[in-house]
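Secondary and tertiary structure notes
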Amino acid sequence: MLRSTGDRVVIVGGGIAGALLAKTLQNHADVVLIDPKEYFEIPWANLRAKVDPAAVERTVIPHADYLTHAKVVTASAVGIDDSVVLTSIGRAVAYDFLVIATGRTCSRPQRQSDRLEMFQHDKDRIDGAKSVLVVGGGPIGVELAAEIVMNSPEKRVTVVHGGPRLLKVMGPRASAKALEWLRSKNVTVLLDQTVDLAGATPDTREFVTSAGETVVADCHFVCTGRPVASGWLKGTFLEGYVDGEGHLKVDDHLMVGGRKNVFAVGDITDVPEAKQGHLAQRQAMVVSRNLRLMVKGECREEKLHRYKPCPKASITVTLGRRDALAELPFMTLIGHIPGAVKPRDLFITRTRRMMGLKSKQYGAMPRVM
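Residues numbered from 1 in each chain as written. Predicted model: local features only at pLDDT ≥ 70, side-chain atom pairs only at ≥ 80, totals over all residues. Heavy atoms only, no water.

- As annotated in an unreviewed UniProt entry, the chain carries the name FAD/NAD(P)-binding domain-containing protein and comes from Urochloa decumbens.
- Its UniProt record gives the chain the following Function (unreviewed entry) comment, quoted word for word: "Putative FAD-dependent oxidoreductase." (UniProt positions renumbered as here; feature names shortened; annotations may be inferred.)

So this is what it looks like as structure tokens:
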């Protein structure tokens, strides 16, 4: 067992929120990060990385690069009680304070080199394809389709979406603008249709939609929503704080169920706002401030910071390197102007700076050994 020292903060999940929280706390507490991966990645750069190898080396970052005074347990959390987190490698990690930041379920390799190889494989698939099928018309699907068609206008791209409009997280006007933009780039968009991929393999070339349409594509990518990663809490003392959609119920301090030593941040919370990376980072910073107070013994409620949700936060969907779709509180914009607001490197440099990392310039993709 990794025993507690009295000021032990255990963070479960090394995504954009958990990683930032560990970084900001490592000099103020005994921090342990539990994550099945040896790295964290900048999620909003994933799609660019599929078509631009130069972006990859800057966005997949080993935990060891920024956690110089924290411990990392490379494993999944499989159970929990009121003082210990159980891991998939049979190791029990004691905690004084716990932060759950497991986000959404996803399958990622443990090693950074394998993750880089996955990006290269995806790029090779896209480069070798004349036609690409994107399943899902949310922000991820729209951004991927845009990246592909702007990088290779000659490719035939088809987006199949199960809803009546694209980008459900945005308003109808934004959805209409996204549809018009994609079609102007010769992207085929099929709405109110799904694709059964149960028997699909990498060699599958024909896909039949729920409306009976046949889509021919050399490769396909699934960009549908992923469930919240809270299943591991079933049967634990926190199970009663999980809502019907799998989110953890938190209060204004981002404490779970009002418990004074258990917090949650990121997509796993029931905070009424869009699940966006920059909002997850805001949550992480509030919890970081609160935990620094609590580690010092200053845990009176009036001193703790409160998180104010942003239900009407601006949402920006990138459309290749130059264009973007931005939904602001009073207007919706598409084209070069909103594209200029989100920089060419997708805030990669800024995020690396937040993590205390030197900025790397674009360069060749590192060789995977």
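**Notes on the overall build of the chain**
- Scanning the chain from N- to C-terminus turns up 10 helices and 19 strands.
- Over its C-alpha trace the chain gives a radius of gyration of 21 Å, about what one expects of a compact globule, namely 21 Å for 369 residues.
- Over its C-alpha atoms, taken along the principal directions, the chain stretches across nearly 60 × 50 × 40 Å.
- Put simply, the chain has 369 residues, and 52% of those count as buried.
- Only carbon and sulfur atoms are counted for the fraction: they give 52% of the accessible area of the chain, which is about 17,000 Å².
- The average position of the 50 basic charges and that of the 40 acidic charges among the side chains of the chain differ by 5 Å. (Helix = DSSP H or I, 4+ residues; strand = E, 2+ residues; numbered from the N terminus. Rg over C-alpha atoms; globule rule 2.2 N^0.38 Å. Buried < 20%, exposed > 50% of the residue type's maximum accessible area, 1.4 Å probe, protein only. Areas by Shrake-Rupley, 256 points an atom, 1.4 Å probe, with all protein chains shown as cover. Lys, Arg positive; Asp, Glu negative; His and termini not counted. Charge placed at Lys NZ, Arg CZ, Asp CG, Glu CD.)

**With respect to the environment of Ala200**
- Of note, Ala200 is situated in the loop between strand 12 (188-190) and strand 13 (206-208).
- Given the relative accessible area of 26%, Ala200 is considered partly exposed.
- As a C-alpha pair, Ala200 and His220 span 20 residues in sequence and 9.5 Å in three-dimensional space.
- In this view, Ala200 contacts Phe207 and His220; residues no more than four positions away in its chain are not counted. (Contact = heavy atoms within 4.5 Å.)

**Side note on the nonpolar core**
- Among the nonpolar cores identified, the biggest contains 65 residues, and Val10, Tyr66, Val85, Leu98 and Val99 are the most heavily contacted of them.
- Of all elements in the fold, only strand 1 (8-12), helix 1 (16-25), strand 2 (30-35), strand 6 (77-80), strand 9 (97-100), strand 16 (262-264) and helix 8 (277-295) reach the threshold of two or more residues within this core.
- Tallying contributions element by element places helix 8 first for this core, with 8 residues.
- Excluding residues that lie within four positions of it along the chain, Tyr66 makes contacts with Ala19, Lys23, Gln26, Leu33, Phe40, Ile61, Met355 and Leu357.
- Counting 31 residues, the second largest nonpolar core, distinct from the first, contains Val51, Ile148, Val149 and Ala174. (Core = buried A, V, L, I, M, F, W, Y, C linked by side-chain atoms within 4.5 Å.)

**What about unusual backbone geometry?**
- Despite not being glycine, Leu167 shows a phi value in the positive range, around 55°.
- Among the structural elements, Leu167 can be located in the loop between strand 11 (156-160) and helix 7 (172-184).
- Not every positive phi belongs to a glycine, and Asn186 is a case in point at roughly 70°.
- The residue Asn186 is located in the loop between helix 7 and strand 12 in this model.
- Judged by relative accessible area, which is 64%, Asn186 ranks as exposed.

**Section: helix 6 (residues 139-151)**
- In this model helix 6 runs 18 Å from its N-terminal to its C-terminal C-alpha over 13 residues, within 8% of the 18 Å that 1.5 Å per residue would give.
- Taken together, the buried positions of helix 6 are Gly141, Val142, Glu143, Leu144, Ala145, Ala146, Glu147, Ile148 and Val149. (Expected span 1.5 Å × (residues − 1).)

**Things to note about the pairing of strand 1**
- With 5 of 5 residues buried, strand 1 lies mostly within the body of the structure.
- Residues Arg8, Val10 and Val12 point to one face of strand 1 and Val9 and Ile11 to the other, with burial holding for every one of them.
- Of the pairings in the sheet, the one linking strand 1 to strand 2 comprises 5 bridges and is parallel in character. Counted as the bridge partner of Val10 is Val32 from strand 2. (Pairing = 2+ DSSP bridges.)

**Quick look at helix 7**
- A rise of 1.5 Å per residue sets the reference length of helix 7, with its 13 residues, at 18 Å; its end C-alpha atoms lie 18 Å apart and thus fit the reference within 8%.
- Residues of helix 7 that are buried make contact with helix 6, strand 12, strand 17 (315-319), strand 18 (323-327) and strand 19 (332-335).
- Within two residues after helix 7, Asn186 carries a phi angle of roughly 70°, on the positive side.

**A closer look at the side chain of Lys50**
- Mapped onto the elements of the fold, Lys50 is located in the loop between helix 2 (46-49) and helix 3 (53-59).
- The buried category is assigned to Lys50, whose relative accessible area is 13%.
- In terms of polar contacts, Lys50 uses its side chain to reach the side chain of Asp122, at 2.6 Å.
- What Lys50 contacts, discounting residues up to four positions off in sequence, is Phe119, Asp122, Lys123, Ile126, Leu144 and Phe221. (Polar contact = N/O pair within 3.5 Å; in protein donor to acceptor, adjacent residues only side chain to side chain.)

**Focus: the pattern of salt bridges**
- Summed over the entire model, instances satisfying the criterion amount to 13 salt bridges.
- Linking Asp122 and Lys50 is a salt bridge whose minimum nitrogen-to-oxygen distance equals 2.6 Å. Of this pair, Asp122 sits in helix 5 (residues 112-127) while Lys50 sits in the loop between helix 2 and helix 3, and the two are 72 residues apart along the sequence. Each member of the pair, Asp122 as well as Lys50, carries the same accessibility label: buried.
- Across the salt bridge formed by Asp114 and Arg111, the nearest N and O atoms sit 3.2 Å from each other. (Salt bridge = Lys/Arg side-chain N within 4 Å of Asp/Glu carboxyl O.)

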